[in-house]
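A look at the structure
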Amino acid sequence: MKRNFKITKLVVFMVTLVLTLAVTAVALAKGADEWKKAEGLYVWKQSAQYSNGFLFVKPMEEDLFLFEFKTMRGSEAEDSSYDYNVAGIFLVEDNGTGAAEIEVDKKPVKLTFTLKGKTIAVKQTGAMPADVSGEYDFQEKGYNATEAAATAILEGLAPAKTSLNSSNRPYRLVYANETVGGWFYDVRAIHQPSKKMFARFLVAADLTAVYRNDDVKNPKLIYGSPATMLTTEFAPLLQEEEEEEEAPVPEGATEEKVEGKDAGKGEDQSRLSAVVSVGPEDPEIKVGESSKLNVSIPGRLNYKLSDLKSSAGDKVSVDEKGTLTAKAEGKATITGKLTVDNASRDFKVDVTAYVPKLECDALPTHLEINEKLELSAYITGQEGEVKPQWSVSDSKIAEIKDGVLTGKADGLVDVTAKNDKMERTWKVAVGKSELPKKGEAAGGDDDFGILDLLILALPVVLIGGGIWMFMKRRKK
């Protein structure tokens, strides 16, 4: 009987233990899931004019989360304030609370994060230039990360991908003065004792992607996706650099930076209205010649063009390698797909095929008597002006001397330019004369149509027919 009782107690204990572990596991899983939804920007509840705070949270791998505090502290009485930023990684523990240990001025600081719905409670243990303790309410998903977050995010990735492991410790993470293409932070890992760089990274401005970029020729995606980079219409870090050039350097700044030797060099900044752009080397291609589709992309990332098509293949054709060939004068729209790693974007560009012609934009359709006009000409598709041989059809109406056209008398005149084998003629009205309207010939005969012929012929037919009938009756 006692033996059965012991067995029953053991069964009850085991069942209770299993249920407890199951409930705990469900609670932990629920807590982790809730944290995964906590990505975004949170605002300090005690924010005021001279003191405010922002907390950014981003889920990383497994139970690791990136955080960044942007704080401002000051007083209305002194009418002054100062800013302080700090970023790092916290781990969501078994009890659903996030914990981070960082070092500030070589002293340990512990931060505890507790999620309650759309509010995160932060507790700070240890001293920092600004105390970030308090409650933060969710505001939005978007966020502008800083260099501090760009270096901290690397600590949240697997050491196998970053080489930030015990064999390379102690190390420090530094970033270049210049960003790459206005989109990537150029972050480097430096081994402290040897002062040698053992890893280099490209960290996206919005922290959505990280590339390992040791040789600067073949970047490898190790985190996230470049999807937002493909569709972003402005280069946020490029704008920040322009603002920083005008702003004074804060006194007491201690951040270590290295010069970005290749960072952003060679980028066509005028085309950075979009971070990634696709376009022909030249939007105008001479008939019989070819050009290529160019892709402007930060960091020399590998890409692929596919599904290339032309809306007018008889004017401009495109092959699978992105080579454009001008076949006949006209315009065409080229469409296709650009793929970078695990992200794609459709695009379209306009291309014009042209036949070189002499052009004279300054030549008017009407010239007053004694009015003088200096003539200049160029060839479409070529840079600079040319100096053709000028002539007029009637020197009594207009004349050309030393490249200057002068009106002399009322009338119409042909102005002709000849450059090598190219020749072009324009018609100009001088004085009281006017050019014929569109569809109206200068002599007035070219527009003589069938209706005019019928109008003139009808009376002749009627009169002739009447005379023939009269003569026939008279003969009878």
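Residues numbered from 1 in each chain as written. Predicted model: local features only at pLDDT ≥ 70, side-chain atom pairs only at ≥ 80, totals over all residues. Heavy atoms only, no water.

1. Brief notes about the overall build of the protein
Secondary structure assignment for the protein yields six helices and 31 strands. When burial is assessed residue by residue, the protein has 40% of its 476 residues classed as buried. Contacts in the protein between residues at least 24 apart in sequence constitute 50% of all its contacts with a sequence separation of at least 6. In the form shown here, the protein has an accessible surface area of approximately 29000 Å², with 52% of it arising from carbon and sulfur atoms. (Helix = DSSP H or I, 4+ residues; strand = E, 2+ residues; numbered from the N terminus. Buried < 20%, exposed > 50% of the residue type's maximum accessible area, 1.4 Å probe, protein only. Contact = heavy atoms within 4.5 Å. Areas by Shrake-Rupley, 256 points an atom, 1.4 Å probe, with all protein chains shown as cover.)

2. Describing the sheet that holds strand S8 (residues 134-140)
Read around the barrel, eight strands follow the order S1-S2-S3-S4-S5-S6-S7-S8 and close on themselves; strand pairing throughout is antiparallel. Taking the axes of each pair of neighbouring strands and ignoring which way they run, one obtains an average angle of 30° across the sheet. With four bridges joining them, strand S1 (residues 40-44) and strand S2 (residues 52-59) adopt antiparallel strand pairing. Within the sheet, the bridge partner assigned to Val43 lies in S2 and is Phe54. (Pairing = 2+ DSSP bridges. Axes fitted to C-alpha atoms, helices over the stretch in contact; angles between N-to-C directions.)

3. Side note on the environment of Asp131
Looking at the element boundaries, Asp131 is found in the loop between strand S7 (119-125) and S8. With 58 residues separating them in the primary sequence, Asp131 and Arg73 have C-alpha atoms 9.1 Å apart. Setting aside residues no more than four positions away along its own chain, Asp131 makes contact with Arg73 and Gln124. Of note is the side chain of Asp131, whose polar atom sits 2.8 Å from the side chain of Ser133. (Polar contact = N/O pair within 3.5 Å; in protein donor to acceptor, adjacent residues only side chain to side chain.)

4. Some points on unusual backbone geometry
Trans is the common state for peptide bonds, and a negative phi is the common state for residues other than glycine. Here the bond from Arg169 into Pro170 is cis, since omega is -5°, no more than 30 degrees from zero. Mapping Pro170 onto the fold places it in the loop between helix H3 (159-162) and strand S9 (171-176). For Asp79, which is not glycine, the phi dihedral falls at a positive 50°. For Asp79, the position within the fold is in the loop between strand S3 (64-75) and strand S4 (80-92). You can call Asp79 exposed: its relative accessible area is 55%.

5. Some remarks on the sheet that holds strand S15 (residues 277-280)
The four strands lie next to each other as S15-S17-S20-S19, forming an open sheet whose pairing is antiparallel. Only two strands of the sheet have a single partner each, and these edge strands are S15 and strand S19 (316-318). Mean inter-strand twist for the sheet, computed between neighbouring axes without regard to direction, equals 25°. Here three bridges tie S19 to strand S20 (residues 323-326), and the two strands are oriented antiparallel to one another. Paired with Val318 across the bridge in S20 is Leu324.

6. A word on a negative patch on the surface
A cluster of acidic residues, Glu62, Asp63, Glu93, Asp94 and Glu101, forms a negative patch at the surface. In this fold, Asp63 is placed in the loop between S2 and S3. (Patch = residues over 30% accessible without salt bridge, like charges linked within 9 Å, V, L, I, M, F, W, Y side chains within 5 Å. Salt bridge = Lys/Arg side-chain N within 4 Å of Asp/Glu carboxyl O. Lys, Arg positive; Asp, Glu negative; His and termini not counted. Charge placed at Lys NZ, Arg CZ, Asp CG, Glu CD.)

7. A look at the pattern of salt bridges
Opposite charge on two side chains allows them to pair when their charged atoms are near. Considering all chains together, one arrives at 13 salt bridges under this definition. Of the charged contacts, one joins Glu135 and Lys45 as a salt bridge, the two residues approaching to 3.0 Å between their closest N and O atoms. Of the two residues, Glu135 sits in strand S8 while Lys45 sits in the loop between S1 and S2, which places them 90 residues apart along the sequence. For Lys45, a relative accessible area of 48% translates into the label partly exposed. Arg424 is the salt-bridge partner of Glu359, the closest N and O atoms lying 3.5 Å from each other. Placement of Glu359 in strand S23 (residues 358-359) and of Arg424 in strand S31 (residues 422-430) is noted, with a sequence separation of 65 residues between them. In this structure Glu359 comes out as buried when scored by relative accessible area, which is 18%.

8. Thoughts on the nonpolar core
Counting 66 residues, the largest nonpolar core has Leu154 and Val203 as its most contacted members. The element that contributes the greatest number of residues to this core is strand S11 (residues 196-204), accounting for six residues. Ignoring sequence-local partners within four residues, the contact set of Leu154 consists of Thr162, Leu164, Leu173, Val187, Phe201, Val203 and Val210. With 26 residues, the next largest nonpolar core counts Trp35, Leu55, Phe65 and Ala100 among its residues. (Core = buried A, V, L, I, M, F, W, Y, C linked by side-chain atoms within 4.5 Å.)

9. Here's the deal with the pairing of S9
Burial within S9 is extensive, with five of its six residues counted as buried. As paired elements, S9 and strand S10 (residues 184-191) share five bridges and run antiparallel to each other. For Val174, the partnering residue across the bridge sits in S10 and is Arg188.

10. Some words on the pairing of S8
In the sheet, S1 pairs with S8 via four bridges, with the strands oriented antiparallel. Note on S8: the bridge partner recorded for Trp44 is Tyr136. Summarising the sheet, S7 and S8 pair through four bridges and their orientation is antiparallel. Note that in S8 the partner of Thr119 across the bridge is Asp137.

11. A look at the side chain of Lys58
Turning to its location among the elements, Lys58 is positioned in strand S2. Those residues within four positions of Lys58 in sequence are excluded, and the remaining contacts are Glu39, Phe65, Leu66, Leu207 and Tyr223.

12. Some thoughts on the confidence of the model for the protein
Here the protein averages 83 in pLDDT, and 78% of its residues register 70 or above. For the stretch residues 441-447, pLDDT sits under 50, and the model shows six contacts to residues farther than four places along the chain or on other chains. (pLDDT = per-residue confidence, 0-100.)

13. Considering the environment of Val415
Along the chain, Val415 turns up in strand S30 (residues 411-419). Distance in space between the C-alpha atoms of Val415 and Val392 is 4.7 Å, their sequence separation being 23 residues. Beyond its immediate chain neighbours, meaning those up to four positions away, Val415 contacts Leu363, Trp390, Ser391, Val392, Ile400, Leu405, Arg424, Thr425, Trp426 and Val428.

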